[in-house]
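Each chain, written out:
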Amino acid sequence: MRRSSRYGERDYAFGQMIVTLRTSIGLTQAGLADWLGVSRRAVAEWEAGSSYPKLEHLKRLIALGVGEQAFAVGREAEEIHALWYGAHQKVLLDDRWLQRLLGQRHPQLTPVTPLTNEQSIIKHAQEPRVDWDDALAVPTFYGRERELATLSRWIIEEHSRVVSVLGLGGIGKSALTVSLMHQVAAHFQVVIWRSLRDVPAYEALLDEVLQVLAPRPLANLPDSREQRFSLLQEHLRGQRTLLVLDNLETLLEEGETTGHMRPGNEGYARLLRWMAETEHQSTLLLTSREKPGELVPLEGSRAPVRSLRLEGLDVLAGQQLLEERGLVGSAQDREHLIERYGGNPLALKIVAGTIVELFGGESDHRGITGSAGHTPATCPGARSPGGVAPPLAD
Ligand SMILES: Nc1ncnc2c1ncn2[C@@H]1O[C@H](COP(=O)(O)OP(=O)(O)O)[C@@H](O)[C@H]1O
Ligand SMILES: [Mg+2]
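Description of the structure in this document. (Residues numbered from 1 in each chain as written. Chains lettered and ligands numbered in written order. Predicted model: local features only at pLDDT ≥ 70, side-chain atom pairs only at ≥ 80, totals over all residues.)

### Considerations on unusual backbone geometry
At step 1: Backbone geometry at H88 places phi at a positive 50°, although glycine is not the residue there.
At step 2: With respect to the element layout, H88 can be found in the loop between α5 (76-86) and α6 (95-103).
At step 3: For H88, a count of 14 C-beta atoms within 10 Å gives the class partly exposed.
At step 4: Phi at H159 takes a positive value of approximately 50°, unusual for a residue other than glycine.
At step 5: With respect to the helices, strands and loops of the structure, H159 is situated in the loop between α8 (145-157) and β5 (162-166). (Helix = DSSP H or I, 4+ residues; strand = E, 2+ residues; numbered from the N terminus. Buried ≥ 20, exposed ≤ 12 C-beta atoms within 10 Å, placed from the backbone.)

Next up, the structure:
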């Protein structure tokens, strides 16, 4: 961590910039520290103006700020330049990197705001309406070109009606799905993202989706569940909609390779079957740790129901992720680490944070297998003796 210019003199202006950015992102000091892989004290010191972030932490912070739209719209580059200048970096801000970062956002897509029906019809003719505020920001995304190509082919060219992204916790299902959603959004009239992490009641989800598809006062929705479902079907047939449901495993019985819906989730099961079996022009994209049992009999290589089981990141992407987290050391040591954690990005993030904290980022042999209680080998996600990475909480 670099000290501010003159010992004992605080750089309040810089501290204020960090506080403003962090609060616009909506994180606590601990949350930001966690995200950046630094100690909470480090963040507190930046905010107190007594030290400046290292290059990689500053870049990651900026990327997060861009992902979370924390900079003033239209003035992002200007504000980022000011932050960089204020952070007394030894190197100049890489404009190409900044342009790429700002280019990854999709300003042409408009978030859903309450619209009259007439307005919404006009909008459909021009550009997709999106309601993806709940989707997590993925500030940096490495690799996965092959998976993105396969998934977008299924969705755009083959018009798959249900696409599942399956895999262990932390393997990158949500991150991949967010990236995919941005990539294919322009092919849809409406894009909706919802996480099922908190297990919303089916009726509540149905109402929310209907509000996006056909904004109207709640009182004007039909009373019965049956009628609301019919209305949903009508809209999914009429408007090409991408509905993304993240964390579907929360609806399934635990401990089965093919998950069956828990009692009480029959509404969701019916929605899944309808999406898969019926002719319409929309797509349901879901992530889950296990494959929902409803889809098994419907799946096939030419069928409109597809699933992709996600494996770990490849070595190159894993290396990029570790570098971004501030890991130094030889490429071979990093490769060893990637292999050991099965390329699981969440496990790699956690272990990189630990190494940076304890060993200053040196991923040498001691860093990987050292005997201290907190060695990465004891981190969650470390491969068990059987060689299988246990699921991680995400
Ligand atoms: N391809 C990737 N490049 C960079 N970071 C990634 C990538 N895939 C996942 N991550 C990061 O790894 C962590 C776990 O990924 P996530 O998508 O939440 O996993 P899952 O949804 O499978 O539990 C997140 O912090 C995410 O941003
Ligand atoms: Mg997830």
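### Some remarks on the nonpolar core
At step 1: Residues V162, M181, L242 and V244 are the most contacted members of the largest nonpolar core, which totals 43 residues.
At step 2: Looking at which element gives the most residues to this core, the answer is helix α9 (residues 173-184), with 6 residues.
At step 3: Not counting chain neighbours up to four residues away, the residues in contact with V162 comprise L272, M275, A276, L284, L295 and V305.
At step 4: Judged by nonpolar contacts, the second largest core, of 18 residues, contains V38, V43, W46 and L64. (Core = buried A, V, L, I, M, F, W, Y, C linked by C-beta atoms within 7 Å. Contact = placed C-beta atoms within 7 Å.)

### Structural notes on the pairing of strand β6 (residues 190-195)
At step 1: By the bridge criterion, 3 bridges tie strand β4 (residues 129-131) to β6 in an arrangement that is parallel. Note that in β6 the partner of R129 across the bridge is V190.
At step 2: Pairing geometry for β6 and strand β7 (residues 241-246), over 6 bridges, is parallel. For V191, the partnering residue across the bridge sits in β7 and is L242. (Pairing = 2+ DSSP bridges.)

Any functional reading would require information that these geometric values do not contain.
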